[in-house]
Amino acid sequence: MIIIGERISVIARKVREAMAARDPKPLQELARQQFEKGANYIDLSIGPAEDDGPQLMDWAVKVIQEVVSAPLCLDTTNKAAMIAGLKAHNNQWGRPLINSASGEEERLNNMMPLAGEYNAEIIALTLTEKGIPALAEERCEVAANIMAKAMECGVPMEDIWLDPLILPVPFQQDKCKESIRAIRLFRELNDPPMKTTVGLSNIANGAPKELKGIITRTFLVLLMYEGLYSAIADPNDKEFMDTMKTVDVLMEKRLYAHSYLEM
Amino acid sequence: MPFVIPKDSYAGKINSLTFGSGDKAVTIGGENGLPFLSFESSIPNRPVVALEIQDVAPSDWPDTVRKVYDGVSSSPAQWAKFCQDSLGAKIVALRLVGTHPDRDDRSADDAVKTVTEVLSAVDVPVMILGSGHIEKDAQVLKAAADAAKGKECILGKAQEENYRTIVTAAIANNHKLIAMSQLDVNLAKQLNILITQMGFNRENIIMDPMSSALGYGIEYTYSVMERIRQAALVQNDPMMQTPLLCDIGPNVWKTKESAAPESELPEWGSLEERGIVWESVTAATMIMAGCNLLVMRHPKAVETVNRLIGELV
Amino acid sequence: MALSGVEIFKHLPKTNCKKCGYPTCLAFAMKLAALQESIEKCPDLSEAAKQFLGAAAEPPIRGIVLGPKGVKVGEETVLFRHEKKFVNQCPIALNIKDTEGTDAIIRHIADVNSSEIDRVGQMLRVDLVCVSNESGDPAKFAAVVKQVAEGAPNAGLILNSSNPASIEAAIAHCAEKKPLVYGANAENLDAMVSIAKGKNVALGIYAKGLDALSDLSEKVKGTGVNDIVLDSGARTAKEMVEDYTMIRRAALKKSFKPFGFPIISFVSRDDSTFEATVAAIGTMKYASIIVVDSIEKWKTLALLTLRQNIYTDPQVPMQVEQKIYKIGDANENSPLLVTTNFSLTYFIVRGEIENSKVPCHLAIMNVEGLSVLTAWAAGKFVAGSIANFIKESGADKLVAKKELIIPGYVSVLSGSLEDKLGDGWKVAVGPREANQLPAFLKGRA
């Protein structure tokens, strides 16, 4: 399964400070660590960055790709910053991934055309101005709307990664199954099946620290069983990565060898 | 209902591997799809055939193939030159079968002499193969690797029981390495992992899934190879993306079909053509499963196979 | 059916009436999905449901029966043999041109009739003859077809002509023998379809390129002819691999009905060995019928063996008959060895004994086709069962000295086996690897 490494996020103090000071080292350190542990993409979340979004994004993309040969997942709602990131992105190891469009009209209209213009792949959240739909089928309706916009913008179906959105089990236990079901229904929306992604750590938000690990990686197993294509997660979490690799082996997506966990 | 070409897309690609130098260099691999589907993938390099020679005269080879080399096969250097100059071999594969304890039990030093002679005799790349005896090969291949330093040969074969010594020698002397496992896709992956963990560059590994002759288990090799390519190209498993080698001479030419005279089995037809077609069809099967490098014996079979390759790419 | 049990269930009456013999409609639906039942069993299906389920129940690639011996082609379900067994071995057809002389044709017929060989207990042969209307002349064509039909009565016929008049003339001599009429194309379609329907025979269609072929196939199917065989005009090995892969993928992965039919492959080369390798490519990559120009015994041996190998069931090992095989000029002083009936084991051990030039008795024991170690681990190749086998086999009458050589991998059995054999039998332990047999046997002599 594809892993998008989530550690470079403006929410983390270390990252926020490094960005403000334009200090590349902490970002590069985090990028390298995640890449070595098997991240296929490095997520770069700069937040709203209202003041200097484009310059920040341009700088951050370049310093990260200086040290890892991987494509980036560009995480911002700021359109100008997104454009700057797409322009600065080095495509030789893969195309950039826009994080994200959604079923909200403005966000969809801002982000989807960029995927077409810059030949990028794009994550699309199946929520609308009304929030996250309760049922998996309702998320499919939002997805269908997103897919129609994609066709208008010349974005192929294979370039869209649908995200059903994960609600935390301590508060919304009754909604967790719907996200799992949504993955299966999303795949059926097209042939070949639509790609999917989730921000996995959301499932354990609000749970005590000692429970986060077991909740997250068990939820991962259920999602992967329904065919989850990728996850935004922390590849430094060894138990999480071991679980992911083991599911891949059990579902015949990865060839078994006695040392499979070391790969 | 209009027809739309059902194209598959592949996440992975086979490593490209070059050995030899100058205009004699040979490159294999590099394809990014299942064999010969150029409508959905690119095939930068065609499969290549290496001609086999041995360090001792092939008295155990059936007549059909032995007699081709009568006159040169008592001298490995002459034999190598004959393959390069008269038969147009792109690669010469020297099998040190004489070092096997059940054969002449030649020493590592004997092997070194032969290797040195052969390397001086030809300009084309040379493959150095042990006799297949686990313990002896470790000694022999280490010595051979040292003797061939600077020549960037293909050294083989490293197996689960003896890979450590051979890998170390390959690293020290900058050779490419053949890793062989016994018809098992998972063991093949594991061996590549172990070799890579020793510090050997995985892009210099060639996988030998263990060949079988037509009628003697060929379908096992065929399916193991198809599964290896699925892992490499569809699952993008970096441990399975090595080029594939099929060493078919020994298995083909010890079959009854390659040696029994027509008088003994009239329903099997003429012996001469039979041996050649047995090697040719075995090779064709391996090529269809993704083989990048073949080691063969009979020049007519090689010629036939090269014609086939020309029609496939 | 490509449909799942749940999808089928949606179209059933959902009354659980049990008339189909199953307790619930869902149970019946599951059986239908597994292709273990037919929809006829439900008397209460609506017309719409019957139509829908009927169409979905069609196999992705049609099965067609050819020839007086009923050779079946098609019905394939996978692209790779390791996924699931390939279903119907592709018959080989010898091409005979109607311009050849009578003597040549007599020889060809004799070759076809004497082509049968036994490979691991399976009888394999050249099953079909393709008569080609090189002359363009209906009378000549018909005469040769008659000659072949009478001379090779067991062979299925392929009538190869794009001239409907030739087909009309020839088919009179063989219509009831289920021939394949090949040569329908865009120009002669109506006439050829008329013959196919009139005589109720399969129709081979030709169009250059897959777009044209799919159009033609759809047209033919639309006339009510269902037994169609496809020729995309692929003649080079590259075209064969690409076209046949695209056809098979479209049929299996995209449910593309126009390509849900067997493929005929014409392989003709100036060199017979080269022709064999191209025919081999067709065998591996989805050809359902392979037409070749010559069938020398050494060539058919190779092609039939390859075909048998590729079409073996990856789940079920090939096995040889349980018995004591005499290898070489074995007599009462020759060694007696025992091993399992996995065909690969048998061939390899037998081969090494022959290489050693030491004649032996090789006792092959039925363990359902497992190799030595696997059979031992499964409890099928153990002291008790081996002892019974040897005692019942009459081996004690074959050899003067009652000594049994067992494979090195089961050396642990030697003591116990000696006990169970009793009667003065001794057990010797052979080598672990078959390739050590020559040294072992020569060393004992």
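Residues numbered from 1 in each chain as written. Chains lettered and ligands numbered in written order. Predicted model: local features only at pLDDT ≥ 70, side-chain atom pairs only at ≥ 80, totals over all residues. Heavy atoms only, no water.

1. Describing the environment of Ser-38 of chain B
So, point 1. Here Ser-38 of chain B shows up in the loop between β2 (26-29) and β3 (48-54).
So, point 2. Within polar-contact distance, the side chain of Ser-38 of chain B engages the side chain of Glu-242 of chain C at 2.5 Å. (Helix = DSSP H or I, 4+ residues; strand = E, 2+ residues; numbered from the N terminus. Polar contact = N/O pair within 3.5 Å; in protein donor to acceptor, adjacent residues only side chain to side chain.)

2. Notes on unusual backbone geometry
So, point 1. Look at the link from Asn-99 of chain A to Ser-100 of chain A: it is a cis peptide, with omega at 5°.
So, point 2. Residue position: Ser-100 of chain A is located in strand β4 (residues 97-102).
So, point 3. Look at the link from Gly-156 of chain B to Lys-157 of chain B: it is a cis peptide, with omega at 5°.
So, point 4. Within the secondary structure, Lys-157 of chain B is located in strand β6 (residues 154-158).
So, point 5. In this model, Lys-357 of chain C sits at a positive phi of 65°, which is unusual for a non-glycine residue.
So, point 6. Of note, Lys-357 of chain C is situated in the loop between α12 (343-356) and β15 (360-365).
So, point 7. Accessibility expressed as a relative area gives 70% for Lys-357 of chain C, which makes it exposed. (Buried < 20%, exposed > 50% of the residue type's maximum accessible area, 1.4 Å probe, protein only.)

3. Thoughts on the packing of helix α2 (residues 76-86) of chain B against helix α3 (residues 108-121) of chain B
Residues and elements named next belong to chain B.
So, point 1. Running from N to C, α2 and α3 point in directions that differ by 30°, and their axes come no closer than 8 Å. Pair α2 / α3 crosses with right-handed handedness. Taken together, the residues of α3 that come into contact with α2 (itself represented by Pro-76, Ala-77, Ala-80 and Lys-81) are Thr-114, Glu-117, Val-118 and Ala-121.
So, point 2. In terms of residue class, the contact of α2 with α3 is built from 5 nonpolar, 1 polar and 2 charged. (Axes fitted to C-alpha atoms, helices over the stretch in contact; angles between N-to-C directions. Left-handed = near helix turned anticlockwise from the far one by under 90°. Contact = heavy atoms within 4.5 Å. Nonpolar A, V, L, I, M, F, W, Y, C, P; charged D, E, K, R; others polar.)

4. Description of the sheet that holds strand β7 (residues 176-180) of chain B
Residues and elements named next belong to chain B.
So, point 1. Read across the sheet, 8 strands follow the order β8-β7-β6-β5-β4-β3-β10-β9 without closing on themselves; strand pairing throughout is parallel. Looking along the sheet, the strands with just one partner apiece sit at the ends: β8 (205-208) and β9 (245-247). Each adjacent strand pair in this sheet contributes to an overall mean axis angle of 25°, direction not counted.
So, point 2. Bridge count between β9 and strand β10 (residues 293-296): 3 bridges; the pairing is parallel. Among the inter-strand pairings, Asp-247 is bridged to a residue of β10, identified as Val-295.
So, point 3. Against the sheet, helix α5 (residues 163-173) touches β6 and β7, its axis set at about 165° to β6.
So, point 4. Sheet strands in contact with helix α9 (residues 271-288) are β9 and β10, and its direction is about 165° off that of β10. (Pairing = 2+ DSSP bridges.)

5. Focus: the confidence of the model for chain A
So, point 1. With 100% of its residues at a pLDDT of at least 70, chain A reaches an overall mean of 94.
So, point 2. Mean pLDDT values over the elements of chain A span from 89, in helix α6 (residues 136-152) of chain A, up to 98, in strand β5 (residues 121-125) of chain A. (pLDDT = per-residue confidence, 0-100.)

6. A short note on helix α4 (residues 134-147) of chain B
So, point 1. Counted at 1.5 Å a residue, the expected span for α4 of chain B with its 14 residues is 20 Å, and the 20 Å between its end C-alpha atoms agrees.
So, point 2. Listed in full, the buried residues belonging to α4 of chain B are Lys-136, Asp-137, Ala-138, Val-140, Leu-141, Ala-143, Ala-144 and Ala-145 of chain B. (Expected span 1.5 Å × (residues − 1).)

7. Points about the interface of chain C and chain B
So, point 1. With 52 residues of chain C in contact, the opposing surface of chain B contributes 53 residues.
So, point 2. Roughly 4,700 Å² of surface becomes buried between chain C and chain B when both sides are summed, with 66% attributable to carbon and sulfur atoms.
So, point 3. Of all residues in chain C, Arg-249, Phe-274 and Trp-298 of chain C bury the most surface against chain B, accounting for 14% of the area lost on that side.
So, point 4. Taken together, the links from chain C to chain B amount to 9 salt bridges.
So, point 5. One salt bridge connects Lys-285 of chain C with Glu-226 of chain B, and the closest N-O pair in it is separated by 3.0 Å. (Buried area = accessible area lost by both parts, 1.4 Å probe. Salt bridge = Lys/Arg side-chain N within 4 Å of Asp/Glu carboxyl O.)

8. Brief notes about the pairing of β5 of chain A
Residues and elements named next belong to chain A.
So, point 1. A large share of β5 lies buried, amounting to 5 of its 5 residues.
So, point 2. Of the two faces of β5, the one carrying Glu-121, Ile-123 and Leu-125 and the one carrying Ile-122 and Ala-124 are both buried.
So, point 3. In this structure, β4 lies alongside β5, joined through 5 bridges in parallel fashion. Counted as the bridge partner of Asn-99 is Ile-123 from β5.
So, point 4. Traced from β4 through helix α5 (residues 105-117) to β5, the parallel crossover comes out right-handed. (Right-handed = clockwise from strand over helix to strand, strands pointing away.)

9. As for the packing of aromatic side chains
So, point 1. In total, this model carries 17 aromatic pairs over all chains according to the counting rule given.
So, point 2. Seen in terms of ring centroids, Tyr-69 of chain B and Trp-79 of chain B are 5.5 Å apart; in terms of plane orientation they differ by 45°. Their pairing is tilted. Separated by 10 residues along the polypeptide, Tyr-69 of chain B in the loop between α1 (63-66) and α2 and Trp-79 of chain B in helix α2 bring together distant segments of the chain. Each member of the pair, Tyr-69 of chain B as well as Trp-79 of chain B, is classed as buried.
So, point 3. Where Phe-256 of chain C meets Phe-259 of chain C, the ring centres are 5.3 Å apart and the plane angle is 75°; that geometry is what we call edge-to-face. (Phe/Tyr/Trp six-rings, centres within 6.5 Å; stacked < 30°, edge-to-face > 60°.)

10. Some words on the nonpolar core
So, point 1. One finds Ile-128 and Leu-294 of chain B together with Leu-159 and Leu-203 of chain C to be the most contacted residues of the largest nonpolar core, which totals 195 residues.
So, point 2. In this structure, Ile-128 of chain B is in contact with Leu-94, Leu-96, Val-115, Leu-141, Ala-144, Ala-148, Cys-153, Ile-154, Leu-155 and Gly-156 of chain B, ignoring residues within four places of it in sequence.
So, point 3. Val-15, Leu-74, Ile-122 and Cys-140 of chain A belong to the second-largest nonpolar core, a separate cluster that totals 53 residues. (Core = buried A, V, L, I, M, F, W, Y, C linked by side-chain atoms within 4.5 Å.)

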